Amino acid sequence: MKEIFENCNNKGKGVREMTVNKPLTEVLVVRGEKQSLVEFSDFFLMIATRLKENGQFSIVEGEKTTIIAPDEPLEVELKYEKKYDKHQFEIEFEWLEGQSNEKLTIK
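From a predicted model like this one, the values you see are computed outputs, not experimental measurements.

**Q** Please set out the packing of aromatic side chains residue by residue, giving values where relevant.
**A** One pass over the full model with this rule turns up three aromatic pairs. Centroid distance Phe93 to Trp95: 5.8 Å. Interplanar angle 25 degrees. Geometry classified as stacked.

Right, here's the structure in full:
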């Protein structure tokens, strides 16, 4: 609570403005490319297979390798948009590192 009050600036007339320091988002991979439907299907299937068999997959760009190893549970979001003749379908999954997927039991 002390940090909250230290970040409040009194603007006069009884109004307080609070400054919140949010952590910066680190973008690790951004890539877009045109693919055929078959190429995309193979790409997507490879991700799904690696996740199912190894719990992770790697994205390799030149000398840089980024390992994506999600923890469970995953939050999955599907989004389909259409604007005029342009269609966009997104699949997003999120997780928190170290979050337990164990169920609570009472004995």
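**Q** So what's going on with a nonpolar patch on the surface? Residues and values would help.
**A** A grouping of Leu37, Phe40, Phe43, Phe44, Leu74, Val76, Leu78, Tyr80, Phe89 and Ile91 is seen on the molecular surface, where their side chains present a nonpolar patch of about 1100 Å² in accessible area. Residue assignment for the nonpolar patch shows that the elements contributing at least two residues are helix H2 (37–54), strand E5 (75–83) and strand E6 (86–94). Per-element tally for the nonpolar patch: the top contributor is H2, with four residues. Locating Leu78 in the fold gives a position in strand E5.

**Q** Just give me the short version of a negative patch on the surface, but keep the residues and values in it.
**A** On the surface, a cluster of negative charge is made up of Glu75, Glu77, Glu92 and Glu94. Those elements that provide at least two residues to the negative patch are E5 and E6. Residue placement: Glu77 occurs in strand E5.

**Q** How would you summarise the confidence of the model for the protein chain if you had to cite specific residues and measurements?
**A** On average, residues of the protein chain score 85 in pLDDT, and 81% of them are at 70 or above. Considering only residues more than four positions removed or in separate chains, one finds that residues 1–7, a stretch of pLDDT under 50, has five contacts.

Calculation criteria
Residues numbered from 1 in each chain as written. Predicted model: local features only at pLDDT ≥ 70, side-chain atom pairs only at ≥ 80, totals over all residues. Heavy atoms only, no water. Phe/Tyr/Trp six-rings, centres within 6.5 Å; stacked < 30°, edge-to-face > 60°. Patch = residues over 30% accessible without salt bridge, like charges linked within 9 Å, V, L, I, M, F, W, Y side chains within 5 Å. Areas by Shrake-Rupley, 256 points an atom, 1.4 Å probe, with all protein chains shown as cover. Salt bridge = Lys/Arg side-chain N within 4 Å of Asp/Glu carboxyl O. Helix = DSSP H or I, 4+ residues; strand = E, 2+ residues; numbered from the N terminus. Lys, Arg positive; Asp, Glu negative; His and termini not counted. Charge placed at Lys NZ, Arg CZ, Asp CG, Glu CD. pLDDT = per-residue confidence, 0-100. Contact = heavy atoms within 4.5 Å.

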